[in-house]
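# Results of the structural survey
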There are 2 protein chains.
Amino acid sequence: MEKLSSVQNSRVKAWQKLQSKKGRQASQTYLLDGWHLVEEAIKHDGKLHAIMATPEQLAQHQDELPLGVPVFEINDDIAKKLSDLVTPQGIFAEVTLPVASRSPQFIHDGAWLFLDGIQDPGNIGTMVRTADAAGYSGVVFGQGTVDPYSAKALRAMQGSQFHLTLTVGDLAEWTAAFTQNGLNVYGTKLDPSAADLFTIPAQSQFALIMGNEGQGMRTDLAEMTTQNLYIPLTGQAESLNVAVAAGIAMFALKNR
Amino acid sequence: MEKLSSVQNSRVKAWQKLQSKKGRQASQTYLLDGWHLVEEAIKHDGKLHAIMATPEQLAQHQDELPLGVPVFEINDDIAKKLSDLVTPQGIFAEVTLPVASRSPQFIHDGAWLFLDGIQDPGNIGTMVRTADAAGYSGVVFGQGTVDPYSAKALRAMQGSQFHLTLTVGDLAEWTAAFTQNGLNVYGTKLDPSAADLFTIPAQSQFALIMGNEGQGMRTDLAEMTTQNLYIPLTGQAESLNVAVAAGIAMFALKNR
């Protein structure tokens, strides 16, 4: 096991670059921060390039680390450089980014979540986690949706990226392909003239589109859907947080 | 209108103290940051003590400010001192904290959300916003639940504190009083031996308890409820974000 003691070490600098989307794209890897996420990667055969841990974390998890993956001992200063947290746990893994794009033409079943222009990494991560919990097959990140492999998004995701398909895609293309394959595509709108979500029968094969936090779904996309839905609000709040709305809609639409 | 130009000004220092719970308790006021929240306070007759705004914000909103409330012109440095944001909008209001406690004995109707040990201010704010959107009567902050008047909680709340009752309370006392008054009190558990949320008929008068992000509900409280519910998870995620779970449960339980 190699011991790293300087934040100037070239490996440390390379890992730090994974904090930006540009850096992740260049190396085709991303960084997991904290034992819970590293453990999910190990359990679900995530492709690990390296594990980095402080002596305390190594002592605690040594027996659980997979064979054949290079392990680096780091110190607290390096841990702080790799983390966006004030007090990081001190264990990290570098893992392969999954294949970023899939062809919707060949998808004929499952429940899918399409994200159109979602801006907040916490919302993105929470929606992936909820899609996993609700038994969805995958999440498609459309144009204008922020990268799901930032530390903040991954923290909210809680390892769900290892449980379902994540892909980027042109949502107009995905919507067209799904409807062509006979799958319903439901948009969501903050508009009581859309169909009441709770009147739609639960089903197994469809896509649900959630739109941007402030602007909602793109108009051209809303015009392509099978139907657009709204969640009936009976109080005085004008809208719901998008991750909460997604949770309500995902559970309401999918067969249990 | 008084112009303030120094961050050392005693008024500025007094407003800064409202960033802590201790400071808010001492003055019995809290701070709203940004026009959307200030506007909600004005529209819903929040008790305003002062409005503080930069020249740009004053020019934009002068005609919408209520008569009889002292307005202070501030500069960008002061705005940054009052805000936890990197680039604050530049308009704030100091408003009265609502009456903090109510007696559950006299409550005989409405849907209520009880929060047991919720730690994240964003989750708290989001749950209040969702309770408002779903037409709930109020939210009770139990022991161990963080203060809902921090900047982060208020940002997630989006002004919903002006639309429904918020109160602190001993949840054991509230649960006992509700059940005595004939209202169902539903706990939530991450335990498939509890009742499936989606089998419970929608109703108008009840309380729903959401528990701590990591630990769930207190055991003693869970033993006092009418029934404990779980949300059936069909994927591999072990749990849902608490604000998402609360949203799903609030909409599922309440009559529309």
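Conventions and cut-offs
- Residue numbers restart at each chain and count upward from 1, following the sequence in its written direction.
- Chains and ligands are labelled by the order in which they are written, letters from A for the one and numbers from 1 for the other.
- Only residues with pLDDT of 70 or above have their local features reported here, since the model is predicted, and side-chain atom pairs are shown and tallied only from 80 upward, although totals for entire chains, interfaces and linings are computed over all residues.
- The basis for every side-chain value is the complete set of non-hydrogen atoms in the structure, without hydrogens or water.
- Where each domain starts and ends follows an automatic or database-derived domain assignment.
- Residue contacts follow a heavy-atom distance rule, with two residues in contact if any of their heavy atoms lie within 4.5 Å.
- The term buried area means the drop in 1.4 Å probe accessible area that two parts suffer when joined, counted for both and summed.
- Every case where a carboxyl oxygen of Asp or Glu lies within 4 Å of a side-chain nitrogen of Lys or Arg is listed as a salt bridge.
- The numbering of helices and of strands both runs from the N terminus, where a helix is a DSSP run of H or I of at least 4 residues and a strand a run of E of at least 2.
- All residues other than Ala, Val, Leu, Ile, Met, Phe, Trp, Tyr, Cys, Pro, Asp, Glu, Lys and Arg, Gly among them, are scored as polar; the first ten of these are nonpolar and the last four charged.
- Under the scheme applied here, a residue whose accessible area is under 20% of the maximum for its type counts as buried, over 50% as exposed, and between as partly exposed, the area being computed with a 1.4 Å probe on protein chains only.
- The pairing criterion is simple: DSSP has to find at least two bridges between the two strands.
- By convention a crossover is right-handed if, when the strands point away from the viewer, the path from the first strand over the helix to the second runs clockwise.
- UniProt positions are given in the numbering used here, feature names are shortened, and annotations may be inferred rather than shown by experiment.

This next bit is on the domain arrangement of chain A. Residue and element names in this part refer to chain A. Domain boundaries in chain A define domain 1 (2–96) and domain 2 (104–253). Put simply, the middle of domain 1 and the middle of domain 2, counted by C-alpha atoms, are 31 Å apart. Each partner contributes residues to the interface: domain 1 has 14 residues there, and domain 2 has twelve residues. Of the roughly 1100 Å² buried between domain 1 and domain 2, counting both surfaces, carbon and sulfur atoms make up 59%.

Residue-level contacts link 32 residues of chain B with 32 residues of chain A. A combined buried area of about 2500 Å² lies between chain B and chain A, and 60% of that area is made up of carbon and sulfur atoms. Linking chain B to chain A there are zero salt bridges. Listing elements by their share of the side of chain B that touches chain A, those giving two or more residues are helix H3 (35–43), helix H6 (121–133) and helix H10 (242–253) of chain B. Class assignment for the residues of the side of chain B that touches chain A results in twelve nonpolar, 13 polar and seven charged.

Attention now goes to the pairing of strand S3 (residues 48–53) of chain B. Residues and elements named next belong to chain B. Counting buried residues along S3, five of its six residues qualify, which places the element largely inside the surrounding structure. Here S3 pairs with strand S5 (residues 91–96) via five bridges, running antiparallel. Looking at the pairing, Ile 51 lines up with Ala 93 of S5. Pairing analysis gives three bridges linking S3 to strand S4 (residues 71–73), with the strands arranged parallel. Each bridged residue has a counterpart across the sheet, and for Ile 51 the counterpart in S4 is Val 71. Regarding the hand of the β-α-β motif, the stretch spanning S3, helix H4 (residues 55–61) and S4 is right-handed.

Mapped onto this numbering, the UniProt entry annotates "domain: RNA 2-O ribose methyltransferase substrate binding" (unreviewed entry) at residues 31–101 of chain A. Segment residues 31–101 of chain A splits into 32% helix and 25% strand. End C-alpha atoms: 20 Å apart.

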